[in-house]
Amino acid sequence: MKIRYYLLAASAMFLMASCSEDSLDEKSIFPDETTATPTPLDKWLEVNYQQPYNIQLKYRFEFKESDESKNLAPARYDKSIALAKLTKYLWLESYEELKGRDFIRQYCPKIMHFVGSYGYNSDGSVTLGVAEGGMKITLYNVNNIDYENPDIEFLNYWFFKTMHHEFAHILHQTKPYPVNFNEVSAANYQSESWVNLEENEWLALGFITDYASRETQEDFVEIIANYITHDQAWWNEQLEKAVKFNYKGTTAAGASIEKAYYGVQPEEAQLKADGIATVTSTDIDRSGRGYIETKLDIVRDWLKTAWEIDLDKLREIVQRRSDNVTLLDLQTLN
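The rules behind these values
- In every chain, residue numbers begin from 1 and rise along the written sequence.
- Totals for whole chains, interfaces and linings use all residues, but because this is a predicted model, local features are given only for residues with pLDDT of at least 70 and pairs of side-chain atoms are given and counted only at 80 or more.
- Only hydrogens and water are set aside when side-chain values are computed; all heavy atoms of the structure are taken into account.
- When accessible area is computed with a 1.4 Å probe and restricted to protein chains, residues below 20% of their type maximum are described as buried, those above 50% as exposed, and intermediate ones as partly exposed.
- Secondary structure counts use DSSP, requiring at least four H or I residues in a row for a helix and at least two E residues in a row for a strand, with both numbered from the N terminus.
- A strand pair is defined by DSSP finding two or more bridges across the two strands.
- Side-chain rings of Phe, Tyr and Trp (the six-membered ring for Trp) are treated as a pair once their centres are within 6.5 Å; stacked means planes under 30 degrees apart, edge-to-face means over 60, and tilted covers the remaining angles.
- Geometrically, a charge over a ring is one whose NZ (Lys) or CZ (Arg) sits within 6 Å of the ring centre while staying within 35 degrees of the ring normal.
- Note on patches: the residues involved have over 30% relative accessible area and no salt bridge, like charges join within 9 Å, and the nonpolar side chains Val, Leu, Ile, Met, Phe, Trp and Tyr join within 5 Å.
- Note that accessible areas follow from Shrake-Rupley with a 1.4 Å probe, and for residues the cover is restricted to the protein chains shown.
- Think of a salt bridge as a Lys or Arg side-chain nitrogen and an Asp or Glu carboxyl oxygen that are within 4 Å of each other.
- Neither His nor the chain termini are counted; the positive set is Lys and Arg, and the negative set is Asp and Glu.
- Every charge is mapped to an atom, namely NZ of Lys, CZ of Arg, CG of Asp or CD of Glu.
- Fitting axes to the seven residues ending at a residue and to the seven starting there, one defines the bend at that residue as the angle between these axes.
- We call two N or O atoms a polar contact when they sit within 3.5 Å, provided that within protein one can donate a hydrogen and the other can accept it, with sequence-adjacent residues counted only if both atoms are side-chain atoms.
- Whether two residues touch is decided by their heavy atoms; if any such pair falls within 4.5 Å, the residues are in contact.

Asker: Just give me the short version of the pairing of strand S6 (residues 136-139), but keep the residues and values in it.
Answerer: Residues Lys-136 and Thr-138 line one face of S6 and the alternating positions Ile-137 and Leu-139 line the opposite face, and both faces are buried. With four bridges joining them, strand S3 (residues 111-114) and S6 adopt parallel strand pairing. When the bridges of S6 are listed, His-113 appears paired with Thr-138. Summarising the sheet, strand S5 (residues 126-132) and S6 pair through four bridges and their orientation is antiparallel.

Here is the structure:
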């Protein structure tokens, strides 16, 4: 089965229940979290998150903070230490270096929630993270962090691309981006069918990721998140693969056949395996690259004009800090 990973932007839902005449036990079956003995991590978070950034980081498992439809496991204490230190260094301090601490205090989510396990969904997909109204971000899979040998690609995929993605949502919901962005790839958005795209097909359609093809706002923030968390070599590689090869031909029996290939031009053996015995015409469509580059220019200009954020400078900061991840002590609270 192909497993798709994606982000959820959850809206607030209010549930109302009627009272019965039966009396209920006033004692909760859940322990009172306020009575928990403070740990060294609690004290570290007070100094490094709450005081400077006004962010509450929740690493203990709290039923009310979790998705009750999922079978979840708590984040391990040692893994939570590692991710808390990484988040401060790679995300919070990157924006602080560029824009100052007041910017982070004003616009960043006020609650961060760690979950140890994967967030499996009923359709077999896995949720990378959940953002709720710009106020809270939940991150899954914390227990798979290897703090002795941190892998920046793993960290970006599971955590930091998600954080940049959700923070970009906060920015554009505060100051709307130009409507001409929505027109660049208007005919190619896939809605919920984004999960059915073939490998590299999304690039040929003009989207930097498959999830970006879901709708315009996801497209906008996926450009920001992926540009920041990847270097120029990766970005150039995606642009080079943003091509569609349309082949027309005939089968061995003489019937007409058409086939599209994405990212890489097929060799003769591949064509024959797909039933194309004779090629009658080939069309190469490179419009996807142009769409991505146009949208990146719009994003870059908007960030500079609306927020005085230099996207390339922010990327430089994030990439420099990412290169230093293996030098960090992710076990000691200092």
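Asker: Pulling in residues and values, what's your account of the packing of aromatic side chains?
Answerer: Using the criterion set out here, one finds 20 aromatic pairs in the structure. Ring plane angle 90 degrees and centroid distance 5.1 Å describe the contact between Tyr-227 and Trp-235, whose orientation is recorded as edge-to-face. Each member of the pair, Tyr-227 as well as Trp-235, carries the same accessibility label: buried. Put simply, the rings of Trp-91, Tyr-95, Phe-103, Tyr-107, Phe-167 and Trp-307 touch in pairs and so form one group of aromatic residues. One Lys or Arg, Arg-321, reaches over the ring of Tyr-89 and ends 4.7 Å from the middle of that ring.

Asker: If you had to explain a negative patch on the surface to someone new, which residues and values would you point to?
Answerer: On the surface, a cluster of negative charge is made up of Asp-146, Glu-148, Asp-151 and Glu-153. Residue class for Glu-153 comes out exposed when judged on its relative accessible area of 64%.

Asker: Residues and numbers for helix H4 (residues 152-174), please.
Answerer: Along H4, the sharpest change in direction is near 40 degrees and occurs at Trp-158. Counting buried positions along H4 gives 17 out of 23 residues, so the element sits mostly inside the fold. In this structure Asp-151 caps H4, since a side-chain oxygen of it lies 3.0 Å from the backbone nitrogen of Glu-153.

Asker: So what's going on with unusual backbone geometry? Which residues, and what values?
Answerer: Excluding glycine, a negative phi dihedral is what most residues carry, and trans is how most peptide bonds are arranged. The backbone of Asn-54 shows a phi angle near 60 degrees, a positive value even though the residue is not glycine. Its place among the elements puts Asn-54 in the loop between helix H1 (40-53) and strand S2 (56-58). Look at Asn-54 and you get partly exposed, because its relative accessible area is 41%.

Asker: Go over the pattern of salt bridges, please, and point to the residues and values.
Answerer: Per the stated rule, a full pass over the model turns up 14 salt bridges. Where Glu-293 meets Arg-289, a salt bridge forms, and the shortest distance between an N and an O atom there is 3.3 Å. Of this pair, Glu-293 and Arg-289 both sit in helix H10 (residues 287-307), four residues apart, which is roughly one turn of that helix. Overlapping salt bridges, with partners in common, bring together Lys-88, Glu-93, Glu-97, Arg-320 and Arg-321 in one network.

Asker: Residue-level account of the environment of Leu-98, with values.
Answerer: On the secondary structure map, Leu-98 appears in helix H2 (residues 77-99). Given a relative accessible area of 23%, Leu-98 falls into the partly exposed group. Between the C-alpha atoms of Leu-98 and Asp-310, which are 212 residues apart in sequence, the distance is 8.5 Å. Beyond its immediate stretch of four places on either side in the chain, Leu-98 contacts Ile-309, Asp-310, Lys-313, Leu-314 and Ile-317.

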